[in-house]
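An overview of the molecular structure
Now for the letters of each chain:
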Amino acid sequence: MDVLNFRALEQSDVKSLQRLFMESLSDLIRRERFEDADLLDEEVARLNTTIQDHFDDDQVQLYVVEREGVLIGAGALLPPNDIISGNLEIKRGAIELGSVYVLPRMQRQGVGQFLLEEMKREILGRKQHVFYLDAGFPSAQAYWQKQLGEPSLILDHYWGPGAPHMIWEVDIK
């Protein structure tokens with residue numbers, strides 16, 4: 001594999017990152033066979049807010065993975081979302097590892113693993129050793145179970161009958 005570059009999001013990356021999010025989410029929703037017509041728009045709007053927060057809020061940091069000048073992955077470190085904080089007793093100063101996406105054509109090539117390892121280094125660099133992560137899409141849940149083990153909490157039927165939401169509390173000490 002070519003050299004992967006991990007770095008903070010820059011203003012000049014925004015359009016490329018928005019395309020990455022749109023392509024990844026469209027593919028994910030198609031593969032998962034979700035029928036909620038508003039889901040894509042809602043998720044894209046949420047991610048666009050995260051992009052804006054990266055530039056406006058010191059607590060939100062977006063990172064990208066680049067290969068040969070092309071953005072192929074992204075992830076954020078931010079305060080835990082409402083699902084996490086509403087269902088777990090989170091530690092003060094807690095960090096959520098979220099908004100993790102890899103371009104569909106680059107999946108299953110180690111990009112996600114590279115991104116996860118670099119994000120862990122960032123967390124440790126902040127003098128933290130615990131992060132939270134949550135997932136609602138079944139394929140994302142399967143990926144994170146493989147990477148992080150069993151979730152700390154499963155919210156059964158959160159998205160409807162047979163559609164749980166999973167939350168991980170991960171200590172990387």
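Residues numbered from 1 in each chain as written. Predicted model: local features only at pLDDT ≥ 70, side-chain atom pairs only at ≥ 80, totals over all residues. Heavy atoms only, no water.

Let's talk about the packing of aromatic side chains
Within this structure, the stated rule accounts for four aromatic pairs. Here Phe 6 and Tyr 63 contribute two aromatic rings whose centre-to-centre distance is 5.0 Å and whose plane-to-plane angle is 15 degrees, an arrangement assigned as stacked. Highlighted residues: Phe 6 in strand β1 (residues 5-8) and Tyr 63 in strand β2 (residues 61-67), separated in sequence by 57 residues. By relative accessible area, which is 14% here, Phe 6 ends up buried. Ring centres 4.9 Å apart and planes at 80 degrees place the aromatic pair Tyr 143 and Trp 144 in the edge-to-face group. (Phe/Tyr/Trp six-rings, centres within 6.5 Å; stacked < 30°, edge-to-face > 60°. Helix = DSSP H or I, 4+ residues; strand = E, 2+ residues; numbered from the N terminus. Buried < 20%, exposed > 50% of the residue type's maximum accessible area, 1.4 Å probe, protein only.)

A word on the environment of Leu 25
Counting through the fold element by element, Leu 25 comes out in helix α1 (residues 14-32). Expressed as a C-alpha distance, the spacing of Leu 25 and Asp 56, which sit 31 residues apart in the sequence, is 24 Å.

Here we look at the side chain of Asp 134
In this fold, Asp 134 is placed in strand β5 (residues 130-135). An unpaired buried charge is present at Asp 134: no salt bridge exists, and Arg 46, the closest side chain of opposite charge, is 7.3 Å distant. A distance of 3.2 Å separates polar atoms of two side chains, one belonging to Asp 134 and the other to Asn 81. Within polar-contact distance, the side chain of Asp 134 engages the side chain of His 165 at 2.7 Å. Dropping the residues within four chain positions of it, Asp 134 is found in contact with Asn 81, Ile 83, Ile 84, Glu 96, His 165, Met 166 and Ile 167. (Lys, Arg positive; Asp, Glu negative; His and termini not counted. Salt bridge = Lys/Arg side-chain N within 4 Å of Asp/Glu carboxyl O. Polar contact = N/O pair within 3.5 Å; in protein donor to acceptor, adjacent residues only side chain to side chain. Contact = heavy atoms within 4.5 Å.)

Details of the pairing of strand β4 (residues 95-102)
Counting buried positions over the eight residues of β4 gives seven, a clear majority of the element. One ladder, built from five bridges, connects strand β3 (residues 70-78) with β4; its direction is antiparallel. Residue pairing for β4: Ala 76 is matched across the bridge by Gly 98. One ladder, built from two bridges, connects β4 with β5; its direction is parallel. Looking across to β5, one finds that Glu 96 is bridged to Tyr 132. Between the parallel pair β4 and β5, the chain is carried across by helix α4 (residues 111-125), and the sense of this crossover is right-handed. (Pairing = 2+ DSSP bridges. Right-handed = clockwise from strand over helix to strand, strands pointing away.)

Let's talk about the nonpolar core
Counting residues in hydrophobic clusters, the biggest one holds 42 residues, and the most contacted among them are Leu 17, Phe 21, Leu 97, Phe 131, Leu 148 and Trp 168. Sorting elements by how many residues they give to this core places β3 first, with six residues. (Core = buried A, V, L, I, M, F, W, Y, C linked by side-chain atoms within 4.5 Å.)

Some details on the packing of α1 against helix α2 (residues 39-56)
With their axes 10 Å apart at the nearest point, α1 and α2 run at an angle of 150 degrees to one another. With respect to α2, the axis of α1 lies roughly antiparallel. In terms of crossing hand, the pair formed by α1 and α2 is right-handed. Within the contact between the two elements, α1 uses Val 14, Leu 17, Gln 18, Phe 21, Met 22, Leu 25, Ser 26 and Ile 29 and α2 uses Leu 39, Leu 40, Glu 43, Val 44, Leu 47, Asn 48, Ile 51 and Phe 55. (Axes fitted to C-alpha atoms, helices over the stretch in contact; angles between N-to-C directions. Parallel < 35°, antiparallel > 145°, perpendicular 65-115°, else oblique. Left-handed = near helix turned anticlockwise from the far one by under 90°.)

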